[in-house]
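What follows is each chain in one-letter form.
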Amino acid sequence: MSKILIIEDEVAIADLEKDYLELSDFKVDICNTGDEGLKTALAGDYDLIILDLMLPGMDGFDLLARVRERPACARVPAVFLTAKDEPFDRVSGLALGADDYLAKPFLPQELV
C-alpha cells in the first residue's frame, strides 16, 4: 500500500483528499502546518507528498525546497494542490522540483 502525506491547513480539504485517496487503497497522513509537515516528511517514508502553498509556519515553496535538500527525500514525488494558480506560481513550484501542480478547486478523481 502506498503511503501519502497531505500537508494542508484547511481541514475540510485535507479530509476530502484523504477520504478519496483511502477509498483508492492509499494510506494517508495529514499535517496542517508547514513546520509539522516538514518534520513529518523528513521523518517518514512516504511515496508521495501533496502540499498546499499557503501554510502557517512555512509556505509550501520553502517546505519543498527543504525536503529536496535531503537525499533520502529528494526523489519522493510531490504535488502542489493550491488556490494559487498564477503562471508564476505554477512555474516556481515545478522549478523547485514538484512533479505536478493542481489548482483549487479540483476534482477529487483528478487527484487520485
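Everything below is about the structure printed above this text.
What comes next concerns the included structure. This structure is a prediction, so every number in the text was calculated from the model and none was measured.

Rules and cut-offs
- Residues numbered from 1 in each chain as written.
- Predicted model: local features only at pLDDT ≥ 70, side-chain atom pairs only at ≥ 80, totals over all residues.
- Heavy atoms only, no water.
- Patch = residues over 30% accessible without salt bridge, like charges linked within 9 Å, V, L, I, M, F, W, Y side chains within 5 Å.
- Areas by Shrake-Rupley, 256 points an atom, 1.4 Å probe, with all protein chains shown as cover.
- Salt bridge = Lys/Arg side-chain N within 4 Å of Asp/Glu carboxyl O.
- Helix = DSSP H or I, 4+ residues; strand = E, 2+ residues; numbered from the N terminus.
- Buried < 20%, exposed > 50% of the residue type's maximum accessible area, 1.4 Å probe, protein only.
- Pairing = 2+ DSSP bridges.
- Right-handed = clockwise from strand over helix to strand, strands pointing away.
- Phe/Tyr/Trp six-rings, centres within 6.5 Å; stacked < 30°, edge-to-face > 60°.
- Lys NZ or Arg CZ within 6 Å of the ring centre and 35° of its normal.

1. Examining a nonpolar patch on the surface
A contiguous nonpolar patch, built from Leu-16, Tyr-20 and Val-112 and spanning about 220 Å² of accessible area, is present on the exposed surface. Among the secondary structure elements, Tyr-20 is positioned in helix α1 (residues 11-23). Looking at Tyr-20, the relative accessible area reads 31%, which means it is partly exposed.

2. Details of the pairing of strand β3 (residues 48-51)
Of the two faces of β3, both are covered, the one formed by Leu-48 and Ile-50 as well as the one formed by Ile-49 and Leu-51. Note: strand β1 (residues 3-7) against β3, four bridges, orientation parallel. Pairing of Ile-6 across the sheet is with Ile-50, part of β3. The pairing of β3 with strand β4 (residues 78-82) spans three bridges and is classified as parallel. The partner of Leu-51 across the bridge, within β4, is Phe-80. In this fold, the crossover linking β3 to β4 by way of helix α3 (residues 60-69) has right-handed handedness.

3. Looking at the packing of aromatic side chains
Counting across every chain of the model gives two aromatic pairs. Note on Phe-61 and Phe-80: the rings are 5.7 Å apart at their centroids and 75° apart in plane angle, and the pair reads as edge-to-face. Of this pair, Phe-61 sits in helix α3 while Phe-80 sits in strand β4, and the two are 19 residues apart along the sequence. Between Phe-80 and Tyr-101 the ring centres are 5.9 Å apart and the planes differ by 50°, which places this aromatic pair in the tilted class. Remark: Tyr-101 occurs in strand β5 (residues 100-103) and Phe-80 occurs in strand β4; sequence separation between them is 21 residues. Of the two residues, Phe-80 and Tyr-101, neither departs from the other in class, the shared state being buried. Among the aromatic residues, those joined into a ring-pair cluster are Phe-61, Phe-80 and Tyr-101. Against the face of Tyr-46 rests Lys-3, its NZ or CZ located 4.8 Å from the ring centre.

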